[in-house]
Amino acid sequence: MSRTRTALALGLAAAGALSVASVTATAAPSPLAGSTTVTPAGHSFKATLSGKATLKAGSVTVTCTVSVSTGTVPAAPGNQNAAGPVSSPISPPTYSSCTSSVWGVTPTVTTSGSWSVSMQDGSPVTATMTVPVGGLVVQTSGLATCTVTAAPTAPANVAGTWANGAPPSLTFTNASVPVTVTGGFGCPTSATSSVFNAVYKVTDTTDPAQQITVGP
């Protein structure tokens, strides 16, 4: 066989191998999510901020020391999912006692819409808070008048973790949230995402003697 034919044959063989490898890699199924159960089924809960919550967009950080949200664990059998997370609707979290990292600027945080939180059992237990379109708006007054809108064009999933305990906690560490920023001088208008940090303690308001628990 000539060198040209040999090279051509080797090239076709290599291309074929790459094609098979690509098909094999693409066809590989994603690992299935494990089962999740949230208890007690049907119980109401309250999430209260522990410490402070921060939302940073560009060079501006808004810090709030009061935040509360409420929700309800789905009634059985909705509190169980054999192959994925369990989701619960929650009230839009309220934020107050807020300050800005910029001197002379006062922030006000408003929330609205249909919020939810989902839990997926694992190590650690993962939590995803879904912010509806435009569901959180930060407006500042004073030396800079800015408007920061979270989830501006589509619902945003904010990644966190859950820890069972007495009480259990819901933690968001450097979670990314898409935003748009409008305003004049001093506003971080180039920012397209913000960083959210907060820790919430969760109590069972139906029966305070019990704890909301996430398991398999």
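Above this text is the structure in question.
What you see as residue numbers is a count from 1 along each chain, following the sequence as written. With pLDDT at 70 or above as the cut-off, local features in this predicted model cover only qualifying residues; side-chain atom pairs require 80 or more to be listed or tallied, and sums for whole chains, interfaces and linings still use all residues. Excluded from the side-chain calculations are hydrogens and water; all other atoms, namely the structure's heavy atoms, are used.

(A) Geometry of the overall build of the protein chain. Secondary structure elements follow DSSP: runs of H or I of four or more residues count as helices, runs of E of two or more count as strands, with numbering from the N terminus. When helices and strands are tallied, the protein chain shows one helix and 16 strands. The 216 residues of the protein chain split such that 38% are buried. Contacts are assigned to residue pairs with any non-hydrogen atoms lying within 4.5 Å of each other. Long-range pairs, those at least 24 residues apart, make up 67% of the contacts in the protein chain between residues at least 6 apart in sequence. Throughout, the Shrake-Rupley method with a 1.4 Å probe supplies accessible areas, and for residues the shown protein chains are the sole cover considered. Of the roughly 11,300 Å² of accessible surface on the protein chain, 61% is carried by carbon and sulfur atoms. Whether a residue is buried, partly exposed or exposed follows from its accessible area with a 1.4 Å probe, protein chains only, as a fraction of its type maximum: under 20%, in between, or over 50%, in that order.

(B) View of the nonpolar core. Take the buried Ala, Val, Leu, Ile, Met, Phe, Trp, Tyr and Cys residues and link them wherever side-chain atoms come within 4.5 Å; each set so joined is a nonpolar core. In terms of nonpolar packing, the biggest core is built from 47 residues, with Tyr-95, Phe-196 and Tyr-200 touching the most fellow members. Examining the composition of this core, we find that six residues originate from one element, strand 14 (residues 169-183), more than from any other. Among all residues touching Tyr-95, those that are not within four sequence positions of it are Ala-53, Cys-64, Val-66, Ser-67, Val-109, Thr-111, Leu-136, Phe-196 and Tyr-200.

(C) The arrangement of the packing of aromatic side chains in detail. Two aromatic rings from Phe, Tyr or Trp, using only the six-membered ring of Trp, form a pair when their centres are within 6.5 Å; if the ring planes differ by under 30 degrees the pair is stacked, by over 60 it is edge-to-face, and anything between is tilted. Tallying each qualifying case throughout the model produces one aromatic pair. An angle of 50 degrees between the planes, with centres 5.6 Å apart, marks the rings of Phe-172 and Phe-196 as tilted. Of the two residues, Phe-172 sits in strand 14 while Phe-196 sits in strand 15 (residues 193-204), which places them 24 residues apart along the sequence. Phe-172 gets classed as buried once you look at its relative accessible area, which sits at 1%.

(D) A look at the state of the cysteines. Only a pair of cysteine sulfur atoms within 2.5 Å qualifies as a disulfide here. Counted according to the given criterion, the structure contains two disulfides. Residue pairing for Cys-146: its cysteine sulfur links by disulfide to Cys-187, the two sulfurs lying 2.0 Å apart. Judged by the sign of its S-S torsion, about -90 degrees, the cystine formed by Cys-146 and Cys-187 is left-handed. Here Cys-146, found in strand 12 (residues 146-150), pairs with Cys-187, found in the loop between strand 14 and strand 15; they are 41 residues apart in sequence, far enough to count as distant.

(E) Spotlight on the pairing of strand 13 (residues 156-163). Burial of the side chains of strand 13 is restricted to one face: Ala-156, Val-158, Gly-160 and Trp-162 are buried, whereas none of Asn-157, Ala-159, Thr-161 and Ala-163 on the reverse face is. In this structure, strand 10 (residues 125-131) lies alongside strand 13, joined through seven bridges in antiparallel fashion. Its bridge partner lying in strand 13, Met-129 is registered against Val-158. When DSSP finds at least two bridges between two strands, those strands are taken to pair.

(F) Seen up close, the pairing of strand 10. With five of seven residues buried, strand 10 is to be regarded as a mostly interior element. Two elements, strand 9 (residues 115-120) and strand 10, share five bridges in a ladder whose sense is antiparallel. Each residue of the ladder has a partner; that of Gln-120, found in strand 10, is Thr-126.

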